[in-house]
Amino acid sequence: MAEEYSCPYCESIFESKDDLSKHIDRIHGDSGVLEGSKSS
Ligand SMILES: [Zn+2]
């Protein structure tokens, strides 16, 4: 059974944490921004 890692921001699915991490970093910019809306 292969583990799947789903992106919390969109519906993308990845086969490894690393891929998911890279995805979040480059696509979503990271920063732990899920709800926190800082206006700067
Ligand atoms: Zn995503």
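The name that an unreviewed UniProt entry assigns to the protein is Zinc finger C2H2 type domain signature protein, with the source organism given as Marine Group I thaumarchaeote SCGC AAA799-E16.

So, on to the coordination of the zinc ion. Distances from the zinc ion to its protein donors, Cys7 (SG), Cys10 (SG), His23 (NE2) and His28 (NE2), fall at 1.9 to 2.3 Å. Coordination at the zinc ion is tetrahedral, judged from the 4 donor atoms that bind it and the angles of 103 to 118 degrees they form at the metal. Read in sequence order, the donor residues for the zinc ion give the motif C-x2-C-x12-H-x4-H. Given a relative accessible area of 28%, Cys10 falls into the partly exposed group.

Turning our attention to the pattern of salt bridges. Summed over all chains, the structure comprises 1 salt bridge. Linking Asp18 and Lys22 is a salt bridge whose minimum nitrogen-to-oxygen distance equals 3.5 Å. On the criterion of helical spacing, the pair formed by Asp18 and Lys22 is a turn pair, its members being 4 residues apart in helix α1 (residues 17-27). Among the residues examined, Asp18 registers a relative accessible area of 46% and is labelled partly exposed.

In this structure's numbering, the residues bearing the UniProt feature "domain: C2H2-type" (unreviewed entry) are residues 5-28. Between the C-alpha atoms that bound residues 5-28 there is a distance of 15 Å. The span itself is 46% helix and 17% strand.

Let us now look at the environment of Cys10. As for its placement among the helices and strands, Cys10 is situated in the loop between β1 (5-6) and β2 (13-14). Considered as a pair, Cys10 and Ile27 are 17 residues apart in the sequence and their alpha carbons are 9.9 Å apart. Among all residues touching Cys10, those that are not within four sequence positions of it are His23 and His28.

Reading guide: rules and limits
Residues numbered from 1 in each chain as written. Predicted model: local features only at pLDDT ≥ 70, side-chain atom pairs only at ≥ 80, totals over all residues. Heavy atoms only, no water. Donors = N, O, S within 2.8 Å, 3.2 Å for Na, K, Ca; no water. Tetrahedral: all angles 85-135°; square planar, octahedral: opposite > 155°, others 65-115°. Buried < 20%, exposed > 50% of the residue type's maximum accessible area, 1.4 Å probe, protein only. Salt bridge = Lys/Arg side-chain N within 4 Å of Asp/Glu carboxyl O. Helix = DSSP H or I, 4+ residues; strand = E, 2+ residues; numbered from the N terminus. UniProt positions renumbered as here; feature names shortened; annotations may be inferred. Contact = heavy atoms within 4.5 Å.

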